[in-house]
Every structure is written in C-alpha cells, then in structure tokens.
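In case you want the letters, here they are:
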Amino acid sequence: MDNSDLFVCIDHVGLAVPDLDEAIKFHTEVMGWRELHREKNEEQGVEEAMIGTGDQGPENAQIQLLAPLNESSTIAKFIGKNGPGMQQLAYRVRDLDQVMETLKERGVRLLYPEPRRGTADSRINFCHPKDTGGVLLELVEPNKNAAH
C-alpha cells in the first residue's frame, strides 16, 4: 500500500439499532456472526458491539451495532428520523490529524474540531454528510495497544 493514501481500508459499517441485546442476538444466532467487543461510550451516547467472524482480527472490517443510551443521543435521533439501519461507514486511517487537515484543505467539513474517543480508545472524527454524497463517514485511527 502507498503510504500517501489517506485511508488504510474500511474499518467498519455502523448500524443503528434500538436494542443492542436484540441486535446482537439476531446477528449472532441468525446471521452467524460473533460478538468481538462491547462497550458503553458515554461521550457519544451509545452502547455498542463490534461483530465479525471467529477468525477475525482487528485488521479486518467489522460491523458495529450502535444503540442509544438516551433519547438525546445522535443514534436515538437517527433512529427517530430514519428508523434502524446503516448509519455510517468508517474508514481506517494511520494519522487522524493529518487526514483531518488534508480533508479540511480539500473543502470537507468535519463534525468536531478535535478528535474524539471512539471504540476501544480509538481516535475518531466524522465528515459532514453534505460534503460526502449524503454518507456519514467516520475516520478511525485505532488505538495502537487495543484489540480493535
């Protein structure tokens, strides 16, 4: 891979769900995925789970299930407006600060002026959907010491 590329790969696809336990049950018992990681992110207002296959490591793309912790969370508002479903596409990056600066120079608005904490202490930011063809793009710099 060329180190001048902004993105490493697709990190995950985020699905907004009203009930995390029910979503995990469906995706594991019916679809055959496995729960790989689960946590609450109070700052983002979500309880989340990463699902994938048994052979899957943190280098592989995963599916993120996102359930709201309260009615004012972004995920609760998304479900209220759109119903459950695909909420975001996440691109993995090596250097979030550099990617943020490059995208800003290219006219892409970011939702946060500084990175926030994401899954497993990753560093994240989001590109404004109005600048990315209507898709909420998350930028993820994984924590170097985390499983994902």
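What counts, and at which threshold
- Residues numbered from 1 in each chain as written.
- Predicted model: local features only at pLDDT ≥ 70, side-chain atom pairs only at ≥ 80, totals over all residues.
- Heavy atoms only, no water.
- Core = buried A, V, L, I, M, F, W, Y, C linked by side-chain atoms within 4.5 Å.
- Buried < 20%, exposed > 50% of the residue type's maximum accessible area, 1.4 Å probe, protein only.
- Helix = DSSP H or I, 4+ residues; strand = E, 2+ residues; numbered from the N terminus.
- Contact = heavy atoms within 4.5 Å.
- Arc of directions from axis to C-beta.
- Polar contact = N/O pair within 3.5 Å; in protein donor to acceptor, adjacent residues only side chain to side chain.
- Salt bridge = Lys/Arg side-chain N within 4 Å of Asp/Glu carboxyl O.

**Student:** Before we go on, may I ask you to explain the nonpolar core in this structure?
**Tutor:** Soluble globular proteins tend to pack their nonpolar side chains together in the buried interior. Of all hydrophobic cores here, the largest spans 12 residues; its members are Leu6, Leu89, Val93, Leu96, Val99, Met100, Leu103, Val108, Leu110, Cys127, Leu137 and Leu139. Looking at this core, the elements with two or more residues in it are helix H3 (96–105) and strand E8 (137–141). By residue number, the principal contributor to this core is H3, which donates four residues. Once residues lying within four places of it in the same chain are set aside, the contact partners of Val93 are Leu6, Phe7, Val8, Val99, Val140, Glu141 and Pro142.

**Student:** Please explain helix H1 (residues 20–30) as it appears in this structure.
**Tutor:** Three or four residues apart is the spacing at which side chains of an α-helix point the same way, because the helix has 3.6 residues per turn. What H1 keeps buried is the set Leu20, Ala23, Ile24 and His27. End-on, the buried residues of H1 take up no more than an arc of 100°, which puts them together on one face. More than 90 degrees from the buried face of H1, the exposed residues found are Glu22, Glu29 and Val30. Contact partners of the buried residues in H1: strand E1 (9–16), strand E2 (34–41), strand E3 (46–52) and strand E4 (62–68). Measuring from the backbone nitrogen of Asp21 back to the side-chain oxygen at the start of H1 gives 3.0 Å, which picks out Asp19 as the cap. Once H1 ends, the next one or two residues include Gly32, with phi positive near 85°.

**Student:** What is the right way to read the side chain of Glu47 from this model?
**Tutor:** By the secondary structure assignment, Glu47 is in strand E3. Of the polar contacts made by the side chain of Glu47, one reaches the side chain of Arg38; its length is 3.1 Å. The residues touching Glu47, leaving out its near neighbours within four places in the chain, are Leu20, Arg38, Glu39, Lys40, Leu65, Leu66, Ala67 and Leu69.

**Student:** Please explain the pattern of salt bridges as it appears in this structure.
**Tutor:** Two side chains of opposite charge can pair, provided their charged atoms sit close to one another. This model, assessed by the stated rule, comprises 10 salt bridges. Arg38 is the partner of Glu47 in a salt bridge, and the nearest nitrogen-oxygen pair spans 3.1 Å. One salt bridge in this structure joins Arg123 and Glu141, with 3.1 Å as the shortest N-O distance. Placement of Arg123 in strand E7 (residues 123–127) and of Glu141 in strand E8 is noted, with a sequence separation of 18 residues between them. Take Arg123: its relative accessible area is 27%, and that puts it in the partly exposed class.

Shape descriptors only; they carry no functional weight alone.
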